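Each chain, written out:
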Amino acid sequence: MIKLGDYNTLTAIRRADQGFYLEGDERSGDILLPNRYVPHDLVIGKEIEVFVYLDQDERLIATTEHPAAKVGEFACLEVAWINQYGAFLKWGLMKDLFCPFREQKKRMEVGKHYIVFIKEDEESHRLMATAKVDRYLESDDTVAEASLKHGDTCDCLIWQKTDLGFKTIINNRYQGQIYDNQIFQPLHTGDRLTAYIDHVRQDGKIDITLQPTGRQHTLDFAEVLLRYLYENNGHCDLGDKSDATLIYDRFKVSKKAYKKAIGDLYRRRLITISEDGIDLA
């Protein structure tokens, strides 16, 4: 079955003046891959992966271009233009993605970026975006079933600034939170980055951090810190009470990770701790 707004692997079945026709199904019929997207080595009978969407006349069309997101995913998109029905967003394809006024939290403006969810409209079966993304995130009571645990790597989309830090979208499914005291780099809405599960709370909320967590990370960084001491006359002027920003600027780890590494080296009697920082024992 052809997946609209998604990637499909289809077979080239005939050549035409306007491009290659790819084999669809009974519902879709054959799908045109226009000449501008036809690779030089495509021949009849060969399979090709394409993204299938609707052209200006609402006909199925294939492309080898990769949009910013497919159906069922979140993305941060820029408004290209607006008409009396809604906004049209740049998403990396010839045809812009429509976001009707009813699907906007507030009226969108040309040139601004918004976090949206890509979906197929249930009534018209057209592809569209909605800025009301909350309703498409997993509910809090399903988070416990996701088997997320402390230290797990996750994909993170920065969603919006809050008084506590930033709301995020995790693994394209869950709402997460990065707190200000865990942020040591500039963050902006729409940034995509790798993050780490810090804590899954009983209420289903997920706290994440931008630095690796867990015992192995402590051991790994402890060795980095030990090597730094050997290479700097056995001394580091940053201690467990030093400013978190200074620690991150030098070692690219959180203050929490730095303190754990100091504690590990101290227990192994490899360093001494003073008001001036730490020294090789």
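Structure's up top.
On a predicted model such as this, the values are computed, not experimentally measured, just so you know.

**Comments concerning the nonpolar core**
Membership of the largest hydrophobic core comes to 24 residues, with the highest contact counts inside it found for Leu 77, Leu 89, Trp 91, Met 108, Val 116 and Ile 118. Among the elements of the structure, strand S4 (47-54), strand S6 (74-82), strand S7 (86-90), strand S8 (97-100), strand S9 (113-120) and strand S10 (127-130) are those that each provide at least two residues to this core. Discounting residues that sit within four places of it in the chain, Ile 118 has contacts with Ala 69, Lys 70, Val 71, Gly 72, Glu 73, Leu 77, Trp 91, Leu 97, Met 128 and Ala 129. Core analysis: the next-biggest nonpolar cluster, separate from the first, contains 17 residues, Phe 221, Leu 226, Cys 236 and Leu 238 among them.

**A short note on the side chain of Lys 119**
Here Lys 119 shows up in strand S9. Look at Lys 119 and you get buried, because its relative accessible area is 16%. Polar contacts involving the side chain of Lys 119 include one to the side chain of Tyr 136, which spans 2.9 Å. Ignoring anything within four residues of it in the chain, the contact list for Lys 119 reads Val 71, Glu 103, Arg 126, Leu 127, Met 128, Thr 130 and Tyr 136.

**Brief notes about the environment of Tyr 174**
Looking at the element boundaries, Tyr 174 is found in strand S13 (residues 174-179). What makes Tyr 174 buried here is its relative accessible area of 4%. Within the structure, the side chain of Tyr 174 is placed 3.2 Å from the side chain of Arg 173, a separation counted as a polar contact.

**A few points about the sheet that holds S9**
Strands sit in the order S8-S7-S6-S9-S10 across an open sheet of five strands; the sheet is antiparallel. A single partner strand is all that each edge strand has here, and the edge strands are S8 and S10. Across the sheet, the mean angle from the axis of one strand to that of its neighbour is 55°, orientation sign disregarded. Bridge count for S6 against S7 is four bridges, and the pairing is antiparallel. Directly across from Val 79, in S7, lies its bridge partner Leu 89.

**Thoughts on the sheet that holds strand S18 (residues 277-280)**
An order of S16-S18-S17 is seen for the three strands of this open sheet, with the pairing classed as antiparallel. With partners counted over all chains shown, the strands left at the sheet margins are strand S16 (235-236) and strand S17 (271-274), one partner each. Summarising the sheet, S17 and S18 pair through four bridges and their orientation is antiparallel. When the sheet's bridge partners are listed, Thr 272 is paired in S18 with Asp 279. Across the sheet, helix H4 (residues 255-267) touches S16, S17 and S18, and the angle it forms with S17 is around 125°.

**Quick notes on unusual backbone geometry**
Although it is not a glycine, Glu 58 adopts a positive phi angle of roughly 65°. With respect to the helices and strands, the residue Glu 58 is situated in the loop between S4 and strand S5 (60-63). Its relative accessible area of 33% is what places Glu 58 among the partly exposed residues. Here Asn 233, not a glycine, exhibits a phi torsion of approximately 55°, which is positive. Among the secondary structure elements, Asn 233 is positioned in the loop between helix H2 (215-231) and S16.

What counts and how
- Residues numbered from 1 in each chain as written.
- Predicted model: local features only at pLDDT ≥ 70, side-chain atom pairs only at ≥ 80, totals over all residues.
- Heavy atoms only, no water.
- Core = buried A, V, L, I, M, F, W, Y, C linked by side-chain atoms within 4.5 Å.
- Buried < 20%, exposed > 50% of the residue type's maximum accessible area, 1.4 Å probe, protein only.
- Helix = DSSP H or I, 4+ residues; strand = E, 2+ residues; numbered from the N terminus.
- Contact = heavy atoms within 4.5 Å.
- Polar contact = N/O pair within 3.5 Å; in protein donor to acceptor, adjacent residues only side chain to side chain.
- Pairing = 2+ DSSP bridges.
- Axes fitted to C-alpha atoms, helices over the stretch in contact; angles between N-to-C directions.

Don't take any of this as a statement about function, it's just geometry.
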